[in-house]
Structures are given as structure tokens and as C-alpha cells.
Amino acid sequence: VARREVWRPMERFNAFKRTNIILQHLRMSKHTDVAGDVLLERKGCAGVITLNRPKFLNALSLNMIRQIYPQLKRWEQDPETFLIIMKGAGGKAFCAGGDVRAISEAKKAKQMSQDFFREEYILNNAVGSCQKPYVALIHGITMGGGVGLSVHGQFRVATEKSLFAMPETAIGLFPDVGGGYFLPRLQGKLGYFLGLTGFRLKGRDVYRAGIATHFVDSEKFSMLEEDLLALKSPSEENIMDVLETYHAESKIDKDKSFILEEHMDKINSCFSANTMEQIIENLRQDGSSFALEQLKVISKMSPTSLKITLRQLIEGSSKTLQEVLTMEYRLSQACMF
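Residues numbered from 1 in each chain as written. Predicted model: local features only at pLDDT ≥ 70, side-chain atom pairs only at ≥ 80, totals over all residues. Heavy atoms only, no water.

1. Considering the overall build of the chain
Rule in force here: Counting from the N terminus, the helices are the DSSP runs of H or I reaching at least four residues and the strands are the DSSP runs of E reaching at least two. Using a 1.4 Å probe on the protein chains alone, a residue whose accessible area is under 20% of its type maximum counts as buried, one over 50% counts as exposed, and one in between counts as partly exposed. It only takes one pair of heavy atoms within 4.5 Å for two residues to be counted as in contact. Here the Shrake-Rupley method, with its probe set to 1.4 Å, supplies the accessible areas, and only the displayed protein chains count as covering residues.
For the chain, the count of helices and strands is 16 helices and ten strands. Burial analysis of the chain (337 residues in total) assigns 53% to the buried set. Put simply, of all contacts in the chain between residues at least 6 apart along the chain, 75% involve residues at least 24 apart. Total accessible area on the chain stands at roughly 14700 Å², and carbon and sulfur atoms take up 49% of it.

2. A few points about the sheet that holds strand 9 (residues 201–202)
Put simply, the test is: Being paired, for any two strands, means DSSP has found at least two bridges between them.
Read from one edge of the open sheet, four strands run 4-6-8-9, paired in mixed fashion. Every interior strand has two partners, whereas the edge strands, strand 4 (93–95) and strand 9, have only one. Sheet topology places strand 4 next to strand 6 (residues 141–143); two bridges connect them, and they run parallel. What sits directly across from Ala93, in strand 6, is Ile141.

3. Points about the packing of helix 13 (residues 276–286) against helix 14 (residues 289–298)
This is how the line gets drawn: Interaxial angles span 0 to 180 degrees and are taken between N-to-C directions of axes, which are lines fitted to C-alpha atoms, for helices over the stretch in contact. Left-handed describes a crossing whose near helix is turned anticlockwise from the far helix through less than a right angle; right-handed describes the clockwise counterpart. Asp, Glu, Lys and Arg are counted as charged, while Ala, Val, Leu, Ile, Met, Phe, Trp, Tyr, Cys and Pro are counted as nonpolar; the rest, among them Gly, fall into the polar class.
Between helix 13 and helix 14, the least distance of the axes is 8 Å, while the angle of their chain directions is 145 degrees. Judged by the twist between their axes, the crossing of helix 13 over helix 14 is left-handed. Each of Met276, Ile280, Leu283, Arg284 and Asp286 in helix 13 lies in contact with helix 14, whose residues at this interface are Ala291, Gln294, Leu295 and Ile298. Residue composition of the contact of helix 13 with helix 14, grouped by class: six nonpolar, one polar and two charged.

4. Overview of the packing of aromatic side chains
What counts, and what does not: Note on ring pairs: Phe, Tyr and Trp rings are taken, using the six-membered ring of Trp, and paired if centres are within 6.5 Å. Classes follow the plane angle, with under 30 degrees stacked, over 60 edge-to-face and the rest tilted. Ring-over charges, as used throughout, are those where CZ of Arg or NZ of Lys falls within 6 Å of the ring centre and within 35 degrees of the ring normal.
Scanning the entire structure with this criterion turns up six aromatic pairs. Here the aromatic rings of Phe164 and Phe182 are separated by 6.4 Å at their centres, their planes lie at 75 degrees, and the arrangement is edge-to-face. With Phe164 in strand 8 (residues 163–165) and Phe182 in helix 7 (residues 179–182), the pair connects residues that are 18 residues apart, well separated along the chain. Like Phe164, the residue Phe182 is buried in the burial classification. The ring of Tyr181 is capped by Arg185, whose NZ or CZ atom sits 3.9 Å from the centre of that ring.

5. Things to note about the pattern of salt bridges
Filter applied, for reference: We count a salt bridge whenever a side-chain nitrogen from Lys or Arg sits within 4 Å of a carboxyl oxygen from Asp or Glu.
Under the counting rule described, the total for this entry stands at 13 salt bridges. Of the charged contacts in the structure, one is a salt bridge between Asp253 and Lys256, with a shortest N-O distance of 3.9 Å. For Asp253, a relative accessible area of 33% corresponds to the partly exposed category. Judged by relative accessible area, which is 55%, Lys256 ranks as exposed. Here Glu293 ties to Lys296 by a salt bridge, and the two come within 3.9 Å at their closest N and O atoms. On the criterion of helical spacing, the pair formed by Glu293 and Lys296 is a turn pair, its members being three residues apart in helix 14. Glu293 gets classed as partly exposed once you look at its relative accessible area, which sits at 36%. For Lys296, a relative accessible area of 48% translates into the label partly exposed.

6. Topic: helix 3 (residues 62–77)
Keep this limit in mind: A helix's residues, less one, multiplied by 1.5 Å, set its expected span.
Counted at 1.5 Å a residue, the expected span for helix 3 with its 16 residues is 22 Å, and the 23 Å between its end C-alpha atoms agrees. Every buried residue belonging to helix 3 is among Leu62, Met64, Ile65, Ile68, Gln71, Leu72, Trp75 and Glu76, and all of these are buried. Residues of helix 3 that are buried make contact with strand 1 (38–43), strand 2 (46–51), strand 3 (83–88), helix 5 (109–128) and strand 5 (134–138).

7. Remarks on the pairing of strand 7 (residues 155–158)
Side chains Phe155 and Val157 of strand 7 all project onto a buried face; the interleaved residues Arg156 and Ala158 project onto the opposite face, where all are buried too. Sheet analysis places strand 5 next to strand 7, joined by four bridges and oriented parallel. Across the sheet, the residue bridging to Ile138 is Ala158, located in strand 7. Where strand 7 and strand 10 (residues 214–215) come together, two bridges link them in parallel fashion.

8. Topic: the sheet that holds strand 7
Reading across from one edge, 1-2-3-5-7-10 is the order of the six strands in this open sheet, with mixed pairing throughout. The open sheet terminates on both sides in strands that have one partner only, identified here as strand 1 and strand 10. Direction of pairing for strand 2 relative to strand 3: parallel, over a ladder of six bridges. If you follow Ile49 over to strand 3, its bridge partner there is Met86. In the packing of helix 3 onto the sheet, contacts are made with strand 1, strand 2, strand 3 and strand 5, and the angle to strand 1 comes to roughly 15 degrees.

Honestly, that's just the spatial picture; any functional story needs more than this.
Laid out in C-alpha cells, this is it:
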């Protein structure tokens, strides 16, 4: 009986409502000046990609994807480009997610959905397989589509203002953009916890969780970029040395422990089950304030999303990134229509 009480409030989600919630959550205000939405520049030794929609938290559009992908592939083959840097304009966000407003407004919504997710995931795979050192400067909000542009890259640099989350289970979707690949590969069952609850990580915790590879104080961020651009025909080791130097010098929250450190045993225990029902039962039986808080969070999520996500992470734990993105594309279309 108790278990049914957890699920009953969420049973109202149906396919139509789920699609509308996804669209309402992800779409951004009308924006037509697409020419400057992404800046592609050769600077020093690097190709620099700047997501340039600060008023919209640098939300990723299909137009932006179609500009970034071919340029990324060109720089990958260019012998004079030694490094690729991805960053967001405006200081508030790296990228807050995908902007799929066009899908809801398009006459051919299904075709738009197919195009957006397919091309976004192809770009995610290109980031993951990039043959040149790839540095994502994940300052500010980094969610959904922004995670896909960063987490699969070789280097990800966070600051005290970084905010990471995969909140998709709250909107009837699942943590896509390769979430099925990177989440189950985080320490213990941390990725399962983050993917199912949408828990937000801030600042140095983004690094401690393994989402970022380095942490740099935000006041040094522009200097870091300048030093990277100034490198002469750098090797991967040269780039790593610069990042490691700045990381070692960062002071903010250096002595603070990981926010979830004290809860990791509970996370590993409760989220190790293979069904959502058992995870819920594990949290109930644990009975701690932390476990009960997670029960409360989970009770507000779409039950369909929770079950899809758990299966996605279990399946993805033994797949390649490309295999995961293929799986997630099929899931995305099933969720949307």
C-alpha cells in the first residue's frame, strides 16, 4: 500500500502531457538573430567556440549545432589547430540546455524533433571522439545540452560558479546527451543518484564528483584562457601542465569536503537496486533524513522517466558512447511522440 502511495501522484503523466512539459521546460523566448548565436574563431594555437546567447543562458539550438559540428571537424583535421576550446558568453551560463522551442512551433514537429536530437547527439559523439585536445570551460549553469558539449571532452574546467544538473526526470524525459554513458561511470552509484533525482552540484563539487577534470577560481579564468591560447604548437602534455598549474593554485573551497561525501554509503546502498520499486523500498528502510528527502524528491518525478532512466544507466554502463547515443536517440523519439 505504501509503495502505491509513492507512485499514485505521478501516474497522471501520459504521452501528451509529457511531451508538452518537455517542450515548455526546454523552450526559450523567441530569438531570431541566429547569425551570432555561436562564435567560431581561430585564436593563437586554438579554435575557440563561444556559445553566444547570454540572454537565453546560451541554450543550444539546431542552428548552433549545425555551425559547430562542421567547424569542429575542420579544426580536428587542421594541422595548425592544436587545441579546441568551448565556452559560453555572459558569465551566467556555459549552456543551460537545449532550446527546442522550434519543435513546438513547427508544422512538422516530429521531423524537427528527429533532426534536433539526432544532430545534437552526433555533435556529442564528435566531442567524445575529438582527436585534438578539447577544453570545455564550464563556468556557470551547465545542464542538459550543455553537459553533452562538455562532459565527453578530454578536459572540463569548473569554477566556484559552476552549477551542474541533469533534471530531466522532472519533465518526463531522461538524462540524455550521453548521460547513459558518463553517469554510470562516476564513483559508486553517484551517477544513478544524480540522474534519477536531478540533484544539483555546485562549484568545486562539480570537480569532486568527476564531472570536471579541473577547478579554477573564476577570477583567473580569463588568464587561463590567455595562457592556453599563447602556447606554441602545444602537445597534450603542455596543455595539461597549464590546467594543472591553475588547478593547483585555486583556493576556493579547497578544504571543504564533497557535499555528498557523508551520504555516499547510503547512495551506494540504496541506488544499487535494479528496479525503481526496490530503490524506493531501500530508501524507506534506510529511514534517515537524507533517504526520506530523496523519497520526497523522487515522488515528484515522472514514474515513466524514472524507470526509463534506471534502465538507460544500467544498459549504458557496458556500452560505448556511440552505442549509448544511438539508444538515447531512440528513447528521445519514444518520449516526445
